[in-house]
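Structural characterization, general
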Amino acid sequence: MGYDPANPMVDRITDIGPPHFEQFFPPVIKNNYGKWLYHEITQPGVLMHKSETGDECWTVRIGAARLVSIEYIREICEIADKHCEGSVRWTTRNNVEFMVDAKDKVKPLMDDLASRSNKFPVGGTGAGMTSIVHTQGWVHCHTPATDASGVVKAVMDELFDYFTSHTMPAQVRVALACCLNMCGAVHASDVAILGIHRKPPMVDHDAIAGLCELPLAIASCPLGAVSPTKATNSKGVEVKSVKVKNERCMFCGNCYTMCPAMPLSDPDGDGIAILVGGKVSNRISYPKFSKLVIPFLPNTPPRWPETVAAVKNIIDTYAKDARKYERIGDWAERIGWEKFFEKTGIPFTIHCIDDYRLAYDTWRTTTQFKFTSHIK
Amino acid sequence: MAKRDTPLLDELEKGPWPSFVTDLKRQAEKKPECWDILGQLELSYHDRITHWKHGGIVGVFGYGGGIVGRYSDLPKEFPGVAHFHTIRVNQPSSKFYNTAKLRALCDLWEKHGSGMTNFHGSTGDLILLGTTTDHLEPLFYELTHELHQDLGGSGSNLRSPACCIGKARCEWSCFDTQAACHGLTMHYQDELHRPAFPYKFKFKFSGCPNDCVAALARSDFAVIGTWKDDIRIDQAAVQSYIKGEFPSNGGAHSGRDWGPFDIQKEVIGLCPTECMWMEGDELKIDTSECTRCMHCINVMPRALRPGVETGATVNVGAKAPILEGAQFATLTIPFIKVDPESEFEELIEQIEKIWDWWMEIGKNRERVGETIQRVGLPTFMKIMELEPIPQMVREPRSNPYIFWQEDEVPGGFERDVREFRKKHAQ
Amino acid sequence: MALSTEDLKLAIIEKATKSPKPQLYIKDFYKCDPDSKPRVIKNVANELVREGELMFWSSGSTTMYARPDRIKNEETREDAEEHKDD
């Protein structure tokens, strides 16, 4: 018995939730659950976890695109069946982890991975870079200010050596969100690549009556920039519509989400901002937000050279200058943000100074500063 | 669907990182609608703008979440993606799979959709990318009947909870993050599938303060493992680190010569509370001064381990910047037991206190962290029936504008101005 | 005193039918009965969806409720426009 469109409610099953995780564990995980003693990254991309039972779990971590086909997943299955007793997992940062229960099983697995062109790069551990978490972009989103998968691919190609090595002072977490809504929650990343809009929404007076509820469109604006008005549509008929107070617009696109007759995307208006120095971990210092250091870079598909160069410059400068264990934000705070701008050569602009809510918290209220090239 | 020329996207087939373009082309051999994904994306690369729009009423019957409507704004040019909805499938806790399950998911998606996926979306769901409305009910039927799986959350629902790898493969997990994540997901199936709140609500579970699932940055209710007692020290292993027999930080720095390991500089000197010292050959830690930042444990995993009296800290109210600015979650409960035996009733009690209050006073599209900002942390603490403690703030307030309550002041607020005038001429 | 489930259903349907806005937030229904807890009202509204009296409308990030005959459907709208062209 399959689905019967004439009787969709017959035998309907709802609210069963996800399958229980335990059924997917390979034996070495199941047998040692809660018994792990310590771990060691024996080489970039390879982790060994030692259990109090004496068992060892060897994990090979590979980088992956987030946008993947079922053909790719079937290839993952083929590898997992061959080497890992049919078990595999994904990390929160879109890496894939293959686990085996003995050291001598690692090499055949790695050889197999390496034999499949560049599909399964091993790395993403320790004081290096791991996969960039990201959003949909032009592949599937209605409000993006940039693409996601393409920018990520271009940046990872350039920084690939950091993915396969442990040469940085600490781990570097890069994330991309394709608009200000940040469904990728990139606001606490070492480097955040953020799509931004710079032109206020247009109002389509021909379509607004059919597409939107005006009160919802008006209420959607966090800064009260959208207000009711009477307008004339292209047929010369007066219609109830809305207007936008451009000087109040913060370019968030909330109105467009509630009202498709208010598009704001634009080839020249849209682009990328770079934020740095955020982190989530409580290690040594408190978690930190990422700070905006480059307000705008243009959208330059297919490979976004300006964005790639900006991210590489920040990470290279940090890798050379920071102390062991220092995250990018810890480094920037120790040397001072004025030194950050001087060492990276990034121009400091008026857009780097906060004038949104809680802005005062970020202004400097001391006589302590460093004399850098900024002081003429 | 005809094959498309994609000269711009072809540039993304170069380079060492795995190419999603190559993968899409591979899928297009079996699923020709992928040529229209490529074609429309190529046009976006040319135009530097998206060609998607959204629509609000697609879903499976009785569910208010789990499916997000998506349409091409050039349906005639790209008929293969004219209607191209997203399906969120709730992932198993910490994303372990067996190949039988994965293959069944692939077969289901080959039958009912584009073949393209996200493994996984930012919140944690397994995302199936692109299908038409007529496939939604049959897919849901087969997902529930044959794969015994269910949809995840979207809209003003509880979103699919997520957790770190926890006790499955980590020595630091202070509670069973996977059991908690799964247990609460099952407990709140109604809230996950049907709208219940002013806006989205997220739970996330990290086993230790390293917070690998970023609970503190992005969940309304963040449960993060911690402990109360002494860090467990293996003094012999400490000596092995000092002698350079074990690599620092589990080998994380192996690619560069940072010089010989220096416990004073790399561990004791970086401790944020300066609560560690060497006494002869023994490493000492003053537990009462320790804030459990994990640095020393991260650097010397074979010598140091979290204590055994474990539980979790609950922080409330994180969110991404939209609308009021980004917020981290605020410390609400310093220590709570997280017990699968009690079916997590300690957490459930706290969650429902928040919900009952937020459902009533939260504004439309206001995350709970913003509601707390609006009413103030003291009001929220009263709702949560919590005693105020200094751990809830970084520092005391620096302004004197306290909202005194009438019952806090002797005699109350009502006074007689004529009595006042008898002693104080105008 | 709080309304009975049946009376609450009628009040919610009336609100969804007569409100100038076709799509309503769950909070808009709270006013149907100030004596009922938000959670009760939410459960009744969701039951009305199961009964076909209301349906969900979602922006992806926010979910609202509407009477099925008052809501704009992207797919039927497109069809209508296509027929218009014919």
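On a predicted model such as this, the values are computed, not experimentally measured, just so you know. (Residues numbered from 1 in each chain as written. Chains lettered and ligands numbered in written order. Predicted model: local features only at pLDDT ≥ 70, side-chain atom pairs only at ≥ 80, totals over all residues. Heavy atoms only, no water.)

1. Quick notes on the overall build of chain B
Helix and strand counts for chain B stand at 15 helices and 15 strands. Here the C-alpha coordinates of chain B stretch approximately 90 × 75 × 45 Å along the principal axes. Considering chain B as a whole, with its 426 residues, one finds that 61% of them fall into the buried category. Counting only contacts in chain B whose residues sit at least 6 apart along the sequence, the fraction spanning at least 24 positions is 64%. In the structure as shown, chain B presents an accessible area of about 17,000 Å², 51% of it carried by carbon and sulfur atoms. Charge separation in chain B, taken as the distance between the mean sites of 48 positive and 61 negative side-chain charges, equals 4 Å. (Helix = DSSP H or I, 4+ residues; strand = E, 2+ residues; numbered from the N terminus. Buried < 20%, exposed > 50% of the residue type's maximum accessible area, 1.4 Å probe, protein only. Contact = heavy atoms within 4.5 Å. Areas by Shrake-Rupley, 256 points an atom, 1.4 Å probe, with all protein chains shown as cover. Lys, Arg positive; Asp, Glu negative; His and termini not counted. Charge placed at Lys NZ, Arg CZ, Asp CG, Glu CD.)

2. Some words on the domain arrangement of chain B
Each assigned domain of chain B is listed with its residue range as follows: domain 1 (7-145), domain 2 (162-226 + 311-392) and domain 3 (232-305). The gap between the C-alpha centroids of domain 1 of chain B and domain 3 of chain B is 47 Å. (Domains from an automatic or database assignment.)

3. Regarding the interface of chain A and chain B
Every contact between the two is made by 131 residues of chain A and, on the other side, 130 residues of chain B. Summing both partners gives a buried area of about 11,800 Å² for chain A against chain B, and 59% of it is carried by carbon and sulfur. Among the residues of chain A in contact with chain B, Trp 138, His 140 and Lys 324 of chain A are the three that bury the most area, contributing 7% of the side total. On inspection of chain A and its partner chain B, the count reaches 11 salt bridges. The salt bridge involving Lys 30 of chain B is made with Glu 71 of chain A; its shortest N-O contact spans 3.4 Å. Counting the contacts that link chain A with chain B gives 75 residue pairs in polar contact (both at pLDDT 80 or more). Looking at the side of chain A that touches chain B, the element that brings in the most residues is helix 2 (residues 70-83) of chain A, giving 10 residues. Of the residues in the side of chain A that touches chain B, the class split is 67 nonpolar, 37 polar and 27 charged. As paired strands, strand 5 (residues 87-90) of chain A and strand 4 (residues 96-98) of chain B are joined by three bridges and run antiparallel to one another. When the bridges of strand 4 of chain B are listed, Ser 87 of chain A appears paired with Asn 98 of chain B. (Buried area = accessible area lost by both parts, 1.4 Å probe. Salt bridge = Lys/Arg side-chain N within 4 Å of Asp/Glu carboxyl O. Polar contact = N/O pair within 3.5 Å; in protein donor to acceptor, adjacent residues only side chain to side chain. Nonpolar A, V, L, I, M, F, W, Y, C, P; charged D, E, K, R; others polar. Pairing = 2+ DSSP bridges.)

4. Some details on helix 9 (residues 235-242) of chain B
Residues and elements named next belong to chain B. Here helix 9 has its buried residues at Ala 237, Val 238, Gln 239, Ser 240 and Tyr 241. For helix 9, the elements touching its buried residues are strand 10 (232-233), helix 10 (263-266), strand 11 (276-279), strand 12 (282-285) and helix 11 (295-299). Near the N-terminus of helix 9, the side chain that reaches the backbone nitrogen of Ala 236, with its oxygen 3.1 Å away, is that of Asp 234. Immediately beyond the C-terminal end of helix 9, within one or two residues, lies Gly 244, with a positive phi of roughly 80 degrees.

5. A word on the pattern of salt bridges
In this structure the tally under the stated criterion is 56 salt bridges over all chains. For Arg 39 of chain C, the salt bridge is made with Asp 356 of chain B, and the minimal N-O distance between the two is 3.0 Å. Within this pair, whereas Arg 39 of chain C is found in helix 3 (residues 38-50), its partner Asp 356 of chain B is found in helix 12 (residues 345-361), the two belonging to separate chains. Between Lys 9 of chain C and Glu 47 of chain C there is a salt bridge, and its shortest N-O distance comes to 3.0 Å. Highlighted residues: Lys 9 of chain C in helix 1 (residues 5-18) and Glu 47 of chain C in helix 3, separated in sequence by 38 residues. A single salt-bridge network, built from bridges that share partners, covers Glu 75, Glu 78, Lys 82, Asp 112, Arg 116 and Lys 119 of chain A together with Arg 26 of chain B.

6. Quick notes on the sheet that holds strand 5 of chain A
Strand pairing in a sheet is mediated by backbone hydrogen bonds. Such pairs are either parallel or antiparallel. One open sheet accounts for six strands, arranged 1(A)-2(A)-3(A)-6(A)-5(A)-4(B); its pairing is antiparallel. The open sheet has two free edges, formed respectively by strand 1 (36-43) of chain A together with strand 4 of chain B, since each of these has just one partner strand. Taken pair by pair, the neighbouring strands of this sheet meet at an average axis angle of 30 degrees, ignoring direction. When strand 2 (residues 46-51) of chain A meets strand 3 (residues 56-62) of chain A, the two strands line up antiparallel, connected through five bridges. Paired with Met 48 of chain A across the strands is Trp 58 of chain A, a residue of strand 3 of chain A. Against the sheet, helix 4 (residues 99-112) of chain B makes contact with strand 5 of chain A together with strand 4 of chain B, and its axis sits at roughly 85 degrees relative to strand 4 of chain B, the strand it touches most. (Axes fitted to C-alpha atoms, helices over the stretch in contact; angles between N-to-C directions.)

7. Observations concerning the interface of chain C and chain B
Taken together, the contact between chain C and chain B spans 29 residues of the former and 38 residues of the latter. Interface of chain C and chain B: buried area, both sides summed, is about 2,800 Å²; carbon and sulfur atoms make up 49% of it. Where chain C meets chain B, there are three salt bridges. Linking Lys 42 of chain C and Glu 191 of chain B is a salt bridge whose minimum nitrogen-to-oxygen distance equals 3.8 Å. Between the two partners, chain C and chain B, sit 10 residue pairs in polar contact (both at pLDDT 80 or more). When contributions to the side of chain C that touches chain B are tallied by element, the ones reaching two or more residues are helix 2 (26-30), helix 3, strand 1 (55-58), strand 2 (63-66) and helix 4 (74-85) of chain C.

8. Details of unusual backbone geometry
Residue Pro 302 of chain A is reached from Pro 301 of chain A by a cis peptide bond, and omega for that bond is 5 degrees. Its identity as a non-glycine residue notwithstanding, Arg 48 of chain B has a phi of 60 degrees, on the positive side. Take Arg 48 of chain B: it is sitting in the loop between helix 3 (33-47) and strand 1 (52-55). For Arg 48 of chain B, a relative accessible area of 24% corresponds to the partly exposed category.

9. Regarding the pairing of strand 2 (residues 67-72) of chain B
Of all six residues in strand 2 of chain B, six are buried, a share of seventy percent or more. Across the two faces of strand 2 of chain B the burial is the same, with Ile 67, Gly 69 and Tyr 71 of chain B and Val 68, Arg 70 and Ser 72 of chain B all buried.

10. Observations regarding the state of the cysteines
Throughout this description, disulfide means a covalent bond between two cysteine sulfur atoms. Residues and elements named next belong to chain A. Scanning the entire structure with this criterion turns up one disulfide over all chains. In this model, Cys 212 is linked to Cys 259 through a disulfide, with the two sulfur atoms separated by 2.2 Å. In this structure, the disulfide formed by Cys 212 and Cys 259 twists by about 75 degrees around the S-S bond and is classed as right-handed. In this pair, Cys 212 sits in the loop between helix 6 (208-211) and helix 7 (214-219) while Cys 259 sits in the loop between helix 8 (254-258) and strand 11 (271-276), placing the two residues 47 residues apart along the sequence. Taken individually, Cys 212 and Cys 259 each receive the classification buried, so the pair is uniform in this respect. With no disulfide of its own, Cys 221 lies 6.3 Å from the sulfur of Cys 252, the closest cysteine sulfur. (Disulfide = S-S within 2.5 Å.)

11. Digging into the sheet that holds strand 7 (residues 174-177) of chain A
Residues and elements named next belong to chain A. The strand order across the open sheet built from four strands is 7-8-11-12, with neighbouring strands paired in mixed fashion. Only two strands of the sheet have a single partner each, and these edge strands are strand 7 and strand 12 (291-298). Pairs of neighbouring strands in the sheet enclose a mean axial angle of 20 degrees, with direction left out of account.

12. What to know about the packing of aromatic side chains
Evaluated as defined, the whole model comprises 41 aromatic pairs over all chains. Look at Phe 25 of chain A and Phe 96 of chain B: their rings are 4.8 Å apart centre to centre, the planes differ by 75 degrees, and that puts the pair in the edge-to-face class. Separated into two different chains, Phe 25 of chain A in the segment before helix 1 (27-31) and Phe 96 of chain B in strand 4 make up a pair that spans both. Accessibility classification places Phe 25 of chain A together with Phe 96 of chain B in one group, the buried group. Each ring, one from Trp 304 of chain A and one from Tyr 45 of chain B, has its centre 5.4 Å from the other, and the planes form 90 degrees; the classification is edge-to-face. Taken together, the residues span two chains, with Trp 304 of chain A in the loop between strand 12 and helix 9 (305-321) and Tyr 45 of chain B in helix 3. Comparing Trp 304 of chain A with Tyr 45 of chain B shows no difference in burial state: the two are buried. (Phe/Tyr/Trp six-rings, centres within 6.5 Å; stacked < 30°, edge-to-face > 60°.)

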